[in-house]
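Here is how the chains run, residue by residue.
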Amino acid sequence: MTAAELSWWQTATIYQIYPKSFKDSGQQGTGDLQGIISKLDYLKKLGIDAIWLTPIYCSPQIDNGYDISDYYNIDPSYGSMEDFERLIEEAHTRNIKIIMDLVVNHTSTEHQWFKEAIRSETSPYHNYYIWRKGNAENPPNNWQSKFGGSAWEFVPHLDKYYLHLFAKEQADLNWENPNVRQEVQKVVEFWLKKGIDGFRLDVINLISKQQDFPNDRIGDGRRFYTDGPRVHEYLQELSKAVFIPWNAMTVGEMSSTTIEHCQQYSDPASQELSMVFNFHHLKVDYPNGEKWSKAPFDFISLKKILADWQKGLAERGWNALFWCNHDQPRVVSRFGNTSTYFKQSAKMLATAIHGLRGTPYIYQGEEIGMCNPDYTTIDAYQDVETINYYQIMRDQGMDEGDIMSIIQAKSRDNSRTPMQWDNSQHAGFSKGTPWLKVADNYHELNAESALNDEDSVFYYYQQLIRLRKIEPLLTYGRFQLLLEKHPSLFAYIREYNSQALLVICNFYNQYVDFPLQETPLNTYQENVEVLLSNYSGTTNNLATLKLRPYEAVIFKLPTY
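Quick look at the structure, then. Note that the coordinates shown come from a computational prediction; the quantities given were computed from them, not determined experimentally. (Residues numbered from 1 in each chain as written. Predicted model: local features only at pLDDT ≥ 70, side-chain atom pairs only at ≥ 80, totals over all residues. Heavy atoms only, no water.)

1. Concerning the sheet that holds strand 8 (residues 152-155)
Okay, so step 1: Strand order in the open sheet made by the three strands is 7-9-8, with antiparallel pairing throughout. Every other strand in the sheet has two partners, leaving strand 7 (131-133) and strand 8 as the edge strands with one partner each. Adjacent strand axes in the sheet meet at a mean angle of 35° when their direction is disregarded.
Okay, so step 2: When strand 7 meets strand 9 (residues 160-163), the two strands line up antiparallel, connected through three bridges. Bridging from a neighbouring strand, W131 pairs with Y162 of strand 9. (Pairing = 2+ DSSP bridges. Helix = DSSP H or I, 4+ residues; strand = E, 2+ residues; numbered from the N terminus. Axes fitted to C-alpha atoms, helices over the stretch in contact; angles between N-to-C directions.)

Structure below.
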């Protein structure tokens, strides 16, 4: 790969905005497009190359916009189409690209297609969705919704069930119907004509279902629709029809996927997607695979999963690199230290991800180290998944304190609290009452204080973003994991054309010697260059290197 062969997104850093929680330009209590426009200079200062917006289409907001009722219009709560067009213009003026989130596995049941589909089996829209015969007592199969309960909803006047892999208000589209696929192509082209630069595709690997819809005797049904039988065919068709002609960047959210499928999804030769999100590394604190439980994260598994995906997509495909998004807890609360070593752990976690091969994503507030809010009552939470699982755990007879401890760690609302801009009322997010309570630590932890602190997490992210632009090894370099079984250190080499970077991250609040003799680096002693460290005074002698709590260092080796 040469510089001429690179696409813009391979050297980019992308910033995810959850518009509802980013910035309210007035007093409605929810963020809007004008609020985003007002913060573009802040994002330019950070140095990011593109913004990914979670859905801003018309929606009843059952799942905060991932239930779309109109693909062609902006939800009035965010503003107007004119506001969106201005956002594109203002962002492009600052050399910031715009990526939209597109949800085409399902629509809202308030979408006109579904309203027509549910009226009559003779409607041309009926077959836009997935229906199976049944009665009120016996769903078509035992598949479970990812938000809890059956994945099927009964419609009495049709004597049928429709499939919803998520909330019952999110009916799955029938991609077997070519009319559905043509409708999706029209939606994609509409927004590309507006001037956007690409799409993030929500749970896109779930669009093809095994058509006999069997019962799952060993699971919740996902093995019959994850990376389904025609998914690659559908993505190739969509890509050739609209993504490739418009030179659109695409990133697919891949639920419960495999490396082998993601190689194909993101291999340029497959002509499907630019890159892929996978979530396996964010399940290392799911004991026995169960999200709604609590346990320390498995550090050895975390290293292995990250390394496996680096190697798996090294020759075929491209990784989207991330710790946080709108569905995940805040990483400093999850894998870091929110008290004694807050800055050090936040910077270390950033280093661990930004040193890998792929395109890094920063979720709003991550660049200042925002934490989980630790709400103490269920009434403070808004997320449909959280509320559903609270009731499930109550029905199982669990202790209220244990339930709340789990929810404090795992709820999707952990990442959805309003962006903390300053120490004024409501953290400067809104002049009204925020839709979700601001985290209590906003007085000390906010963007304004970060910008006034030369040692802040913000400026460290700025340095990482800049380093990726000037250091080709971070784009081209092959990945080699070191110290695979070390209980505290995540260390790896990025190597290309006889040059190498060494990245070392201490994931714990203890001092630890770097075991040089256990690595292939014995010839490197004092002649290494410290490119970046989250501590001052880091030695350039690998033989005497002792990592401080949560210390992270990127070294450049003279030859390799």
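Past the structure itself, the notes keep going.
2. Here we look at the nonpolar core
Okay, so step 1: With 151 residues, the main nonpolar core has F84, W323 and F507 as its most contacted residues.
Okay, so step 2: Here this core gets eight residues from one element, more than from any other, and that element is helix 14 (residues 457-470).
Okay, so step 3: In this structure, A500, L516, L547 and F555 belong to the second largest nonpolar core, which totals 20 residues. (Core = buried A, V, L, I, M, F, W, Y, C linked by side-chain atoms within 4.5 Å. Buried < 20%, exposed > 50% of the residue type's maximum accessible area, 1.4 Å probe, protein only.)

3. What to know about the packing of helix 10 (residues 342-354) against helix 14
Okay, so step 1: The N-to-C vectors of helix 10 and helix 14 enclose an angle of 20°; their axes lie 10 Å apart at closest approach. As the angle between them shows, helix 10 and helix 14 are arranged roughly parallel. Both helix 10 and helix 14 take part in a crossing whose hand is right-handed. Facing helix 10, whose interface residues are F342, K343, A346, K347, A350, T351 and H354, helix 14 presents V457, Y460, Y461, L464 and R468.
Okay, so step 2: Counted by class, the contact of helix 10 with helix 14 contains seven nonpolar, two polar and three charged residues. (Parallel < 35°, antiparallel > 145°, perpendicular 65-115°, else oblique. Left-handed = near helix turned anticlockwise from the far one by under 90°. Contact = heavy atoms within 4.5 Å. Nonpolar A, V, L, I, M, F, W, Y, C, P; charged D, E, K, R; others polar.)

4. Focus on the packing of helix 3 (residues 81-93) against helix 5 (residues 178-194)
Okay, so step 1: Orientation of helix 3 relative to helix 5, taken along the N-to-C sense of each, is 60°, at an axis distance of 10 Å. Our classification of the angle between helix 3 and helix 5 gives oblique. Together, M81, F84, E85 and I88 of helix 3 and F190, W191 and K194 of helix 5 make up the contact between the two elements.
Okay, so step 2: For the contact of helix 3 with helix 5, a count of residues per class yields five nonpolar, no polar and two charged.

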